[in-house]
Amino acid sequence: MDILKDLNPAQREAVQATEGPVLVLAGPGSGKTRVLTHRVAYLVRGCGVDPYNVMAVTFTNKAAQEMMGRLHHLLGQRLRRLTIGTFHAICSRILRREAKHLDVTSDFAIYDQSDQLGLVRQALQDLNLDEKMYRPQAILATISKAKNELIGSESFEPQTYWQEVAGRVYTRYQELLLANNAQDFDDLLMNAVHLFTRHPDVLAKYQRRYLHILVDEFQDTNTAQYVLVKRLAGENSSLFAVGDEDQSIYAFRGADFRNVHRFRNDYPDARLVLLEQSYRSTQTILDVAKAVISYNIHRTPKDLRTEKGQGLPIVAHEAYNEQEEAQYVVDEIAHLVAEGTCRPGDCAIMYRTNAQSRVLEDAFVRAGLPYKLVGATRFYARREIKDVLAYLRLVHNSHDSVSLARIINVPPRGIGPKTRSALERWADDLKVPIYTALQMLREEIEGSRGGEEVTACLPSYACNVLADFAELLGELIAAREKLSVLELLDLILDKSGYSAYIRDGTEEGEDRWNNILELRTVAREYLDLPPEAALTTFLEEVALVSDVDSFDEAVNAPTLLTLHMAKGLEFPVVFMVGLEEGLFPHSRSFNDPEAMEEERRLCYVGITRAKERLYLVHTFRRTMYGESQVSVPSRFIADVPDHLIAGREEAQAALGEEERRYRWQVQWPVTSGPAVTVQFETGDRVRHRLFGEGIVIESKVTGADEEVTVAFEEEGIKRLLASFAKLEKLNG
DNA sequence: CTGGTGACAGTTTTT
DNA sequence: CTGTCACCAG
C-alpha cells in the first residue's frame, strides 16, 4: 500500500497500530509529523474510517494547516469532515455548538491576554484593590494556572493571604467575563471539560463520534488538555499521542511533560513506539544534543542516530562582548555564503531572550545585509489591529465591554475618563449593559431636541458625543447583516475616522496602515461565506491564530528568533548566541531544579534544529541593564564533550594541568546549586536599622547576592540586598 | 484631552 | 539602559 511505502519500520508500526492506545516518543527530526499525517491517511484510505470519526489535535494553527495540506497531497482529496485544529479551536467549536448548556451564548467573544489583563484590572478596581500589591500580571497567572488545572473560581483554595485575594479577583473576573459574554483562552479548555462532566449525554455524543483521536506535541499538554483527551477517548476510541519529553519547553504556561508518564500509567497496555532515527542532523550534532540533555533526570533515555554520518565538529566561540558576538555571527555567515557553503536563508540565529535581537539586528543593518526577524510583536497584538478588531467584535457582540472600552475614544472623540465613568455609573444604575445605555441615551436626546435635561445627569457636551458614538455603533451593527467582513471593515475604517486617525503622515502611521491592509487581505478570505457566518468565523479564527506574518520562507536571508520559536523548525546552519550563565540558562532557573531542566531542554531544542553546522557562541562580557559584567560561559557548553568541538581537544592538551584546572574552575564552575543560600523567605518578620520592622514579601538570589523585598510598617515597600542591609530576623 | 515626566521592572508565550 | 505605565499639569 503506497501510504506505507516511504516509512521506516518504527514509523510504519506507529501508523498501523490502530487498535488501542499508542504512545509515540519521537526524537527531533524523526518524522513525527509524517507519522501523524500518514496515520490519518492510513485510517481513511487503508481502514475505511470515515474522516468524520477522526480528530487530530495540533499545537499551532500552522501545524494544522500544514497537516491538512499534506493529507490533501497524500490522498488527492480534501478531508472536509475531519476534525483538525488546536485544542483551543476544537474546544471553541464544541462550546459554540453546545452553548445552550453554558452561561454564554454561541457568539461569545474570545479574550486574549491583553483583554484578560484589562478585565483583571477592572476586577481589581471593583474590589478596591491596589495594583501595586496585586499585580494584574501575577493575578492573571494565578487564574490561568488554576484554570489549566481545572480549578474553577468556586473551588479555588488559597494557601496564602495573597492567594485569598487572588481568589476573590478570580471570582469577580469570571463574573465580568460572563457579563461580557466572553471566554478567555483557558476557559475554552476548562469549560469544555466541565461541560462533559456536567452533561454525560453530551460527552457520550462526542465519544461516539471520535473513534480515533490523535494528539501531537503531547509533552506540551496541560492538565485540562490531558483530561479532555482522556474523557473524549473514553473506553472505545483509539488514542494516539506523539511527543518528546526532551522538547517540553512550555512548563511556564502550564504544560506538563509528565502527561507522557501519566499516559503510560493510565493506559498500561498502550503500545510504545520509539522513533530514534533522525533524518535531520549529523551524528555529531545529535551527540552534542544527547550530551546536554543527558544531565536531566526526568526523562526516558533515547538513542538518537542518523545515517547522515559524523559531519563536522561544532564550533564554540567566545566573543568579547555582545556587539562583537553579533559581528562574529554576521561575518561567519558572510564567509559561509561567500565560499558557497550555504545560502543566507539557510542560517538561523537563536537566542534566549527577545532583548538580544537588537544588537544582532544592528550588526546586520550595519553590514547592509537583510535578515528576517520572527515575531517580536505579534501581528494580532499590534495596537491598530486590536483596535479595528475591537470594532468588529463590538459589532458582533454588543455586550463586549472590553472591546467597547478599547475603542470608545479611539480615535479621540471627546469621551474622556470622566464621561466614561458617568456613563458606566448610569448603566449600572439602570442595570443594563453599557451599549444598551448608550442607545437609550441617544433615543432620549432625539426625543428631547429642545435641550431639556436628560435622565442621565451628564453635561450636554458629553451627551452629544456619546449620542454620536451610539449612532455610529448603531449604524455599524445595522450594516452587519448586509455586508461582507471586508466591506464592514472598510465601513468601520471610514465612518469611525480610524483610517484618517492612523494615517497621520508619519512613517510609523504608514506602517500601521500597512498592517491594517494586511488585515483586509485576511478578511478577503471570508468573502464567499454568508455575512453572519463570515463575521463569526473571521473573529474566531483571528482570535485563535497567532501570527499571519509567520516568517516568509521565500526570502533568502538569515532568520533571527528565540529558541522557543525555533521549535519545530530546522536549518542547515544554526548559531546559538548568549550561552552564558544567567542568560542561558536564565538566572531565574538557578534556584529551581525543574526550571533548570527546562532550560536544558530548551538548549536541546536549539541544538537539534541544526542539520549540518552548529555554533555555540558566548561573550566575555555583556552589558545588561546598562551595566557591563564579566560573564561566565554556560554550563551547557561545558557539558559538550571536547572531541565534538572544533579545536577543543588540541587546546585542552596545550594547557598545562594546573591551568586546565584553573580554567575549569573559573569558566565552568556551575555544577551545584546557587552559591548564595537564601536566608529570608516570604512571611519572615525582619528589622532594619533605619526602616524599622516589616515583613518579607519576596526573596530571590540575584547574581552573588540575595535580594529581599520587604514591606516596612513605616517606610513601605523596599528592595534590599541581604549582604548590605543587615536585616535582623525577628520570628524565631 | 493631550503630552510630558517619573517610577519601575526587566524570560520564554504554539492558544 | 530600555520600554511601559500611571499620573499630573497645561
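Since this is a predicted model, take the numbers as computed values, not measurements.

Calculation rules
- Residues numbered from 1 in each chain as written.
- Chains lettered and ligands numbered in written order.
- Predicted model: local features only at pLDDT ≥ 70, side-chain atom pairs only at ≥ 80, totals over all residues.
- Heavy atoms only, no water.
- Core = buried A, V, L, I, M, F, W, Y, C linked by side-chain atoms within 4.5 Å.
- Buried < 20%, exposed > 50% of the residue type's maximum accessible area, 1.4 Å probe, protein only.
- Contact = heavy atoms within 4.5 Å.
- 1 Å grid on protein atoms, 1.4 Å probe; cavity = no way out; pocket = protein on both sides within 12 Å on 5 of 7 lines; lining within 4 Å.
- Points joined across faces, edges and corners; volume = space filled by probe spheres on them.
- Helix = DSSP H or I, 4+ residues; strand = E, 2+ residues; numbered from the N terminus.
- Nonpolar A, V, L, I, M, F, W, Y, C, P; charged D, E, K, R; others polar.
- Patch = residues over 30% accessible without salt bridge, like charges linked within 9 Å, V, L, I, M, F, W, Y side chains within 5 Å.
- Areas by Shrake-Rupley, 256 points an atom, 1.4 Å probe, with all protein chains shown as cover.
- Salt bridge = Lys/Arg side-chain N within 4 Å of Asp/Glu carboxyl O.
- Lys, Arg positive; Asp, Glu negative; His and termini not counted.
- Charge placed at Lys NZ, Arg CZ, Asp CG, Glu CD.
- Near = heavy atom within 4 Å.
- Polar contact = N/O pair within 3.5 Å; in protein donor to acceptor, adjacent residues only side chain to side chain.
- Axes fitted to C-alpha atoms, helices over the stretch in contact; angles between N-to-C directions.
- Parallel < 35°, antiparallel > 145°, perpendicular 65-115°, else oblique.
- Pairing = 2+ DSSP bridges.
- Phe/Tyr/Trp six-rings, centres within 6.5 Å; stacked < 30°, edge-to-face > 60°.

To continue, consider the nonpolar core. Val169, Phe196, Ile213, Leu228, Leu232 and Phe263 are the most contacted members of the largest nonpolar core, which totals 67 residues. Non-local contacts of Val169, meaning those with residues more than four positions away in its chain, are made with Val120, Ala123, Leu124, Leu127, Leu129 and Ile139. Formed by 53 residues, the second largest nonpolar core is a distinct cluster that contains Tyr391, Leu404, Val485 and Leu486.

Empty space within the second largest pocket amounts to approximately 1,100 Å³. Contributing to the lining of the second largest pocket are 34 residues, with Gln122, Leu176, Ser401, Glu424 and Ile434 lying nearest its centre. Broken down by element, the residue count for the lining of the second largest pocket peaks at 8 residues, all from helix H5 (residues 113–126). Of the residues contributing to the lining of the second largest pocket, the split by class is 13 nonpolar, 9 polar and 12 charged.

Moving on, we come to a negative patch on the surface. Together, Glu443, Glu446, Asp468 and Glu471 make up a region of like negative charge exposed at the surface. Of all elements in the fold, only helix H18 (434–447) and helix H19 (460–479) reach the threshold of two or more residues within the negative patch. Checked against the element boundaries, Asp468 lands in helix H19.

Moving on, we get to the protein's contact with DNA strand C. Surrounding DNA strand C, one finds Arg121, Arg358, Tyr625 and Gly626. Here, DNA strand C places atoms within 4 Å of the protein, and 55% of those atoms are sugar or phosphate. The separation between a phosphate oxygen of DNA strand C and a polar side-chain atom of Arg121 is 3.4 Å. Take Arg358: an N or O atom from its side chain is 3.4 Å from a phosphate oxygen of DNA strand C. Partitioned by chemical class, the residues of the surface near DNA strand C number 1 nonpolar, 1 polar and 2 charged.

Another point: a nonpolar patch on the surface. Taken together, Tyr320, Phe620 and Val630 make up a surface patch of nonpolar side chains, about 280 Å² in accessible area. Structurally, the position occupied by Phe620 is in the loop between strand E16 (610–619) and strand E17 (621–624).

With that settled, consider the environment of Arg12. In this fold, Arg12 is placed in helix H1 (residues 9–16). In sequence terms Arg12 and Ser589 are 577 residues apart; their C-alpha atoms lie 40 Å from each other. Once you skip the residues sitting within four places of it in the chain, Arg12 turns out to touch Leu4, Lys5 and Leu7.

The next thing to look at is the packing of helix H15 (residues 383–396) against H19. Helix-helix packing is described using two parameters, namely the angle between the two axes and the distance between the axes. Where H15 meets H19, the axes come as close as 9 Å, and the angle between the chain directions of the two elements is 70°. Taken together, the axis directions place H15 and H19 in an arrangement best described as roughly perpendicular. Every residue of H19 that contacts H15 at Tyr391, Leu394 and Val395 is listed here: Leu472, Leu473, Leu476 and Ile477. In terms of residue class, the contact of H15 with H19 is built from 7 nonpolar, no polar and no charged.

Here 6 strands make up an open sheet; going across it, the order is E3-E2-E6-E7-E1-E8 and the pairing parallel. Either end of the sheet is taken by a strand with one partner, and the two such strands are strand E3 (83–86) and strand E8 (271–275). Mean inter-strand twist for the sheet, computed between neighbouring axes without regard to direction, equals 15°. Bridge count between strand E2 (residues 54–58) and strand E6 (residues 212–215): 4 bridges; the pairing is parallel. By the bridge assignment for E6, Val54 is matched with His212. Across the sheet, H1 touches strand E1 (22–26), strand E7 (238–243) and E8, and the angle it forms with E8 is around 145°.

It is worth spelling out the pattern of salt bridges at this point. This model, assessed by the stated rule, comprises 49 salt bridges. When the shortest N-O distance is used, the salt bridge between Glu581 and Arg635 registers 2.7 Å. A residue pair is termed long-range when its members are at least 10 positions apart, and Glu581 in the loop between strand E15 (571–576) and helix H25 (593–607) and Arg635 in helix H26 (residues 635–638) qualify at 54 residues. Overall, the relative accessible area of 15% leaves Glu581 in the buried class. Here Asp639 and Arg600 are joined by a salt bridge, their closest N and O atoms 2.8 Å apart. In this pair, Asp639 sits in the loop between H26 and helix H27 (648–654) while Arg600 sits in helix H25, placing the two residues 39 residues apart along the sequence. According to the relative accessible area criterion, Asp639 is buried, its value standing at 13%.

Most peptide bonds take the trans form, and the phi angle of most residues other than glycine is negative. The linkage connecting Phe584 with the following residue, Pro585, adopts the cis geometry, with an omega of 5°. One non-glycine residue with positive phi stands out, namely Lys431, at about 60°. One can find Lys431 in the loop between helix H17 (417–430) and H18. Backbone geometry places Tyr625, a non-glycine residue, at a positive phi of 50°. With relative accessibility at 83%, the residue Tyr625 sits in the exposed group.

A sheet is described by the order of its strands in space; here 6 strands give the open sequence E11-E16-E15-E12-E14-E13, paired in parallel fashion. Among the strands making up the open sheet, the edge pair consists of strand E11 (315–319) and strand E13 (372–373).

Now for the packing of aromatic side chains. Tallied over the full model, the rule gives 16 aromatic pairs. Ring geometry for Tyr250 and Phe252: centres 5.7 Å apart, planes at 40°, overall tilted. Overall, Tyr250 belongs to the partly exposed group, its relative accessible area being 21%. Take Phe252: its relative accessible area is 58%, and that puts it in the exposed class. Centre to centre, the rings of Tyr320 and Phe620 are 5.9 Å apart; their planes meet at 35°, and the pair counts as tilted. One end of the pair, Tyr320, is in the loop between E11 and helix H13 (322–338); the other, Phe620, is in the loop between E16 and E17, with 300 residues separating them in the sequence.

The analysis is restricted to geometry; functional conclusions fall outside its scope.
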